[in-house]
Amino acid sequence: MPHTKLAAAVKAVDWNANVTAFLSDSSITKVMAQRNLRLAIWARQFEISDHGNPALCFIREMQIAGQHVAALTALALYKPAAGSMRTMLEAAMYYTYFRTHPSELATVVRDPTYYVDKRTILEYHKVHTANFVDLQRKLGLVSRLEKWYSRTSAIVHGQIPGTWMDHHTIAEISPIKATEGLVLANLKEGEEIVHRLFLCTAGRLLWDVFSSAAKAELLRGLAGNLKAALALDAA
């Protein structure tokens, strides 16, 4: 596309109107804000309790990815939002692994061909993280994670063309409420999976250092039987 045509297409989109329409629906913005707030609470507590750990870079990546979901949704860029959601979950998983694997983290930085996939991380937790197998089963973590990750990856990779892609040209980019609802539902599920992952892994291990206010927020909404299983105090 010649430069002038690209410029004309981008300018044809009323980006301000897209954002205004997004902000006018509090049922969407309130939930996105709440989910990003919980990610921020986790991030802040890890920054304090795991201070100096180089793996915290993944927590920062997780947090900004969640914020990007909101920004992209506001612009009606729905499919790119799926990519940010997947980054949010992957970064959270990487933190739970690399925080205790500094040599492997150094290899990631040094060698672009080296990576650790999600299956390796889950297998690590099954073997080495105390009570993970029992807790994840009670929280429904791994089954939910696998299903969500597969669905989100299919969107990101365009395995089903047209999914979350309602616009055929740049100039047509505008809010689509039905798709916006799908984005919100997927974000809610993805953030809930991150939340439960932390409760079973790094968050549980570092819980004693968390503030009382953070503990109360992170336990809010969990069923009584799950709180009992996790055995995490609120103070």
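The rules behind these values
Residues numbered from 1 in each chain as written. Predicted model: local features only at pLDDT ≥ 70, side-chain atom pairs only at ≥ 80, totals over all residues. Heavy atoms only, no water. Helix = DSSP H or I, 4+ residues; strand = E, 2+ residues; numbered from the N terminus. Buried < 20%, exposed > 50% of the residue type's maximum accessible area, 1.4 Å probe, protein only. Contact = heavy atoms within 4.5 Å. Patch = residues over 30% accessible without salt bridge, like charges linked within 9 Å, V, L, I, M, F, W, Y side chains within 5 Å. Areas by Shrake-Rupley, 256 points an atom, 1.4 Å probe, with all protein chains shown as cover. Salt bridge = Lys/Arg side-chain N within 4 Å of Asp/Glu carboxyl O. Axes fitted to C-alpha atoms, helices over the stretch in contact; angles between N-to-C directions. Parallel < 35°, antiparallel > 145°, perpendicular 65-115°, else oblique. Left-handed = near helix turned anticlockwise from the far one by under 90°. Nonpolar A, V, L, I, M, F, W, Y, C, P; charged D, E, K, R; others polar. Core = buried A, V, L, I, M, F, W, Y, C linked by side-chain atoms within 4.5 Å.

Trainee: I'd love a proper account of the overall build of the chain, names of residues and values included.
Mentor: Scanning the chain from N- to C-terminus turns up 13 helices and 0 strands. Its helices and strands in sequence order give the chain the pattern α-α-α-α-α-α-α-α-α-α-α-α-α, from N to C terminus. Principal-axis analysis of the C-alpha atoms places the extent of the chain at approximately 55 × 40 × 30 Å. Within the chain, buried positions represent 46% of all 235 residues. Relative to all contacts within the chain whose residues are 6 or more apart in sequence, the contacts with residues 24 or more apart total 74%.

Trainee: Lay out a nonpolar patch on the surface with the relevant residues and their values.
Mentor: Judged by side-chain polarity, Leu6, Val10 and Ile170 come together as a nonpolar surface patch covering roughly 190 Å² of accessible area. Its place among the elements puts Val10 in helix H1 (residues 3-12).

Trainee: Pulling in residues and values, what's your account of the packing of helix H4 (residues 56-74) against helix H5 (residues 78-98)?
Mentor: Close contact between H4 and H5 brings their axes to 8 Å; oriented N to C, the two are set at 165°. The angle between H4 and H5 falls in the class roughly antiparallel. Where H4 crosses over H5, the handedness of that crossing is left-handed. Between H4 and H5, the residues in contact are Leu56, Phe58, Ile59, Glu61, Met62, Ala65, Gly66, His68, Val69, Leu72 and Thr73 and Tyr78, Pro80, Ala81, Ser84, Met85, Thr87, Met88, Ala91, Ala92, Tyr94, Tyr95 and Phe98, respectively. In terms of residue class, the contact of H4 with H5 is made up of 17 nonpolar, 5 polar and 1 charged.

Trainee: With reference to specific residues and values, describe the nonpolar core.
Mentor: If you look at the biggest cluster of nonpolar residues, it comprises 68 residues, and the most contacted ones within it are Phe46, Met62, Tyr95 and Phe198. The element that contributes the greatest number of residues to this core is H5, accounting for 12 residues. Other than its neighbours up to four places away in sequence, Phe46 contacts His51, Leu56, Ile59, Tyr95, Phe198, Ala202, Gly203, Leu206 and Phe210.

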